[in-house]
Amino acid sequence: MCSSDLFRQAPSVVWAALTDPAELDQWAPFTAARDLGAPGETVLTLVDGPDKTDIPASVVRASAPTLLEYTWGDDRLRWELEPSGPGTRLTLRHTLAKPGTDAMVAAGWHLCLVVLRHLLDGSPVGVIRVREALDHGWEELRDGYAAKLGG
């Protein structure tokens, strides 16, 4: 699964949002045990309401502020940041270990990136994770991605 989006902020600002645990906690589906800006082992904790699931992760590549790649369980996430005018083109390539989940995962990241955009634009809306996504159009997004992805 691949997604690309433009942000008004410079790559260094977007990089911090992708790597700093305090910023991740405001938009991502997980919390991070440490800063993701350096290679090495860590834990990303999936948060679903009161339920928390620790998932082993490993930062494979961290080249600030252009490339961040890490595993999350059996999945692999690759974030590419490139300058675009005064802002940043952010591309996520999420390689899924579980077949048939593309549309579900794409809908989840779609919502996360909307939350990230609000956060970086200075108008935070609060993190939307897993079950909470159902109240924010996740099912419609999933169905739209399924139609686009042929699933």
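Residues numbered from 1 in each chain as written. Predicted model: local features only at pLDDT ≥ 70, side-chain atom pairs only at ≥ 80, totals over all residues. Heavy atoms only, no water.

### Details of the sheet that holds strand β2 (residues 30–32)
Thinking step 1. Pairing is antiparallel in the open sheet, where seven strands are placed in the order β1-β7-β6-β5-β4-β3-β2. Of all strands in the sheet, those with a lone pairing partner are β1 (2–7) and β2, marking the two edges. With direction set aside, neighbouring strand axes in the sheet form an average angle of 25°.
Thinking step 2. Direction of pairing for strand β4 (residues 51–63) relative to strand β5 (residues 67–72): antiparallel, over a ladder of six bridges. Note that in β5 the partner of Ser 58 across the bridge is Thr 71.
Thinking step 3. Across the face of the sheet, helix α1 (residues 11–19) comes into contact with β1, β4, β5, β6 (75–84) and β7 (87–95) while running at roughly 160° to β6.
Thinking step 4. Most of the contacts of helix α3 (residues 102–120) go to β1, to which it runs at about 10°, and overall it touches β1, β2, β5, β6 and β7. (Pairing = 2+ DSSP bridges. Helix = DSSP H or I, 4+ residues; strand = E, 2+ residues; numbered from the N terminus. Axes fitted to C-alpha atoms, helices over the stretch in contact; angles between N-to-C directions. Contact = heavy atoms within 4.5 Å.)

### Re the packing of α3 against helix α4 (residues 138–149)
Pairs of packed helices are described in terms of their axes, by the angle between the two and the distance that separates them.
Thinking step 1. Their axes nearest at 8 Å, the elements α3 and α4 cross at an angle of 130°. On the basis of the axis angle, α3 is oblique to α4. Crossing of α3 over α4 shows right-handed handedness. Contact residues: Asp 102, Ala 103, Met 104, Ala 106, Ala 107, Gly 108, His 110 and Leu 111 in α3; Trp 138, Leu 141, Arg 142, Tyr 145, Ala 146 and Leu 149 in α4. (Parallel < 35°, antiparallel > 145°, perpendicular 65-115°, else oblique. Left-handed = near helix turned anticlockwise from the far one by under 90°.)

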